[in-house]
Structure formats: structure tokens, C-alpha cells
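Examining the three-dimensional arrangement
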Amino acid sequence: MLIAALKRLEETVEAETEALLARQSLDHAELNRAKSRSLLELTRLTRDLDAASLDAATAIHLARLRDKLVRNQEVVGLHLRAVEEIGETLAAAALSQESDGTYTARLGSGLGA
């Protein structure tokens, strides 16, 4: 049962990572629901689990999930930084459109010379 839950979370995380890398559209709400369900399921399944008593198959699945989570974190981080840069660019463009140039430094205006 634990391995099945780990596989489901692994598939969800991998699907998100691949979609972001391929620049495909994502249903973020559904993706977040799936990850939340998986985390709740894992929390319930591992509540009384002794990590020292894990069998080799479970340990392998945990290690593979950890690696996919690390990769996912990197890709999501890149995606978020790109979104931030786009937002900053749009904000700067909006501000420049609203400005009448009154307080804009002009080259050759003689200021500071």
C-alpha cells in the first residue's frame, strides 16, 4: 500500500516536471489537489512507521521519489523566477506608460556637469 502511494506521488510530480519543461499548460488546481491527496495518504500510512524497518523496495521508491522531488523543485524554481521577471517587466512597462517624463533624467541636460 505504501509503495502504491509513493508511485502515485512520483507520477504526479514527474508529470508536473515534464509539463513545465515542455511548456505545456497545467491545471494547477488539480495538480495541487493530487499532491495534497498524496501527501495526506503518505502521512496516514507512515504515521507509525519505523524508518529503520523499511524493506529494500520501499527504500528504493523513497530514494527515487526524493530525486524526482529535487528535480521538480529546480524546474518549479526556474518557472517561478521566469514569472517574476515577466511581472517585473510588465510593471516597468506600465510605469513608463504612465510617466509624462517630468522626472526622467535626460542625456545632455547639463545636470551634474
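Calculation criteria
Residues numbered from 1 in each chain as written. Predicted model: local features only at pLDDT ≥ 70, side-chain atom pairs only at ≥ 80, totals over all residues. Heavy atoms only, no water. Salt bridge = Lys/Arg side-chain N within 4 Å of Asp/Glu carboxyl O. Helix = DSSP H or I, 4+ residues; strand = E, 2+ residues; numbered from the N terminus. Buried < 20%, exposed > 50% of the residue type's maximum accessible area, 1.4 Å probe, protein only. Core = buried A, V, L, I, M, F, W, Y, C linked by side-chain atoms within 4.5 Å. pLDDT = per-residue confidence, 0-100. Contact = heavy atoms within 4.5 Å. 1 Å grid on protein atoms, 1.4 Å probe; cavity = no way out; pocket = protein on both sides within 12 Å on 5 of 7 lines; lining within 4 Å. Points joined across faces, edges and corners; volume = space filled by probe spheres on them.

Things to note about the pattern of salt bridges
Any two side chains of opposite charge can pair, on the condition that their charged atoms come close. This structure, assessed with the given rule, holds nine salt bridges. In this structure, E10 engages R64 in a salt bridge whose closest nitrogen and oxygen atoms are separated by 2.8 Å. Taken together, the residues span a long stretch of sequence, with E10 in helix 1 (residues 2-21) and R64 in helix 3 (residues 56-98) at a distance of 54 residues. According to the relative accessible area criterion, E10 is buried, its value standing at 6%. Overall, R64 belongs to the partly exposed group, its relative accessible area being 35%. Within the structure, one salt-bridge network assembled from shared partners comprises E10, E14, R64 and K68.

Focus: the nonpolar core
With seven residues, the main nonpolar core is built from L2, A5, L6, L9, V13, L42 and L65. When residues of this core are assigned to their parent elements, the largest contribution, five residues, is made by helix 1.

A few points about the confidence of the model for the protein
Counting all residues, the mean pLDDT for the protein is 89, and 87% of those residues have values of 70 or more. Taken element by element, the predicted model of the protein shows its lowest mean pLDDT in helix 3 (93) and its highest in helix 1 (96).

Describing unusual backbone geometry
One non-glycine residue, R23, adopts positive backbone phi at about 55°. Structurally, R23 can be placed in the loop between helix 1 and helix 2 (28-46). The class of R23 is exposed, set by a relative accessible area of 76%.

Considerations on the environment of L62
Mapped onto the secondary structure, L62 falls in helix 3. Using a relative accessible area of 35% as the deciding quantity, one classes L62 as partly exposed. In this structure, the C-alpha to C-alpha distance between L62 and K7, residues 55 residues apart in sequence, is 9.3 Å. Ignoring anything within four residues of it in the chain, the contact list for L62 reads L6 and L54.

Points about the layout of surface pockets
When its volume is computed, the largest pocket comes out at roughly 170 Å³. L20, L21, R23, Q24, R71, V75, L78 and H79 together form the lining of the largest pocket. Among the elements of the structure, helix 1 and helix 3 are those that each provide at least two residues to the lining of the largest pocket. Of all the elements, helix 3 adds the most residues to the lining of the largest pocket, at four residues.

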